Amino acid sequence: MIFITAKFRIKPEYADQWPQIASAFTNATRSEPGCLWFDWSRSLEDPNEYVLVEAFRDGEAGAAHVNSEHFKHAQQTLPPHLAETPRVINTSLEQDDWSLLGEMSVD
């Protein structure tokens, strides 16, 4: 799978509304056949920062995502709400789901 984590620093005046601002892009991405997950979280330390954790089945699904109309639309509509260019980690993994965290195993 292609595993991506990105940090988005939102302009303070838009931070509380970010889930709604990004909702069309989020919903469209989640409906892509190759999308495994696309989940936003808000930082506990910085209320203007959101972290996006996303995964796609493979490189082909990742390419379909970045070439989609909703991605192109997001490239135009989301940056005016951002305080800076998002930071990203993008890697390929030999798995297709989350692994269990054995150090905190629950019986």
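Residues numbered from 1 in each chain as written. Predicted model: local features only at pLDDT ≥ 70, side-chain atom pairs only at ≥ 80, totals over all residues. Heavy atoms only, no water.

The name an unreviewed UniProt entry gives the chain is Quinol monooxygenase YgiN, with Saccharopolyspora flava as the organism.

As for the overall build of the chain
The number of helices and strands found in the chain is four helices and four strands. Along the chain, helices (α) and strands (β) appear in the sequence β-α-α-β-β-α-α-β when read from the amino end. By its C-alpha atoms, the chain is 45 × 35 × 20 Å across when sized along the principal axes. Burial statistics for the chain: of 107 residues in total, 34% are counted as buried. Expressed as a percentage of contacts within the chain between residues at least 6 apart in sequence, the contacts between residues at least 24 apart total 73%. When the accessible surface of the chain is summed, it comes to about 7,100 Å², and 55% of that surface belongs to carbon and sulfur atoms. Of the side chains in the chain, 8 bear a positive and 17 a negative charge, and the two mean positions are spaced by 8 Å. (Helix = DSSP H or I, 4+ residues; strand = E, 2+ residues; numbered from the N terminus. Buried < 20%, exposed > 50% of the residue type's maximum accessible area, 1.4 Å probe, protein only. Contact = heavy atoms within 4.5 Å. Areas by Shrake-Rupley, 256 points an atom, 1.4 Å probe, with all protein chains shown as cover. Lys, Arg positive; Asp, Glu negative; His and termini not counted. Charge placed at Lys NZ, Arg CZ, Asp CG, Glu CD.)

Some thoughts on the environment of Leu-82
By secondary structure assignment, the location of Leu-82 is in the loop between α4 (69–77) and β4 (87–92). With 15 residues separating them in the primary sequence, Leu-82 and Asp-97 have C-alpha atoms 30 Å apart. Setting aside its immediate chain neighbours within four residues, Leu-82 contacts Phe-8, Arg-9, Ile-10, Lys-11 and Trp-18.

Topic: the sheet that holds strand β3 (residues 49–56)
The four strands lie next to each other as β2-β3-β1-β4, forming an open sheet whose pairing is antiparallel. Two strands in the sheet have a free side with no partner beyond their single neighbour: β2 (35–42) and β4. Averaged over neighbouring strand pairs, the angle between their axes works out to 10° when direction is ignored. The pairing of strand β1 (residues 2–9) with β3 spans eight bridges and is antiparallel. Bridged to Phe-8 within β3 is Tyr-50. (Pairing = 2+ DSSP bridges. Axes fitted to C-alpha atoms, helices over the stretch in contact; angles between N-to-C directions.)

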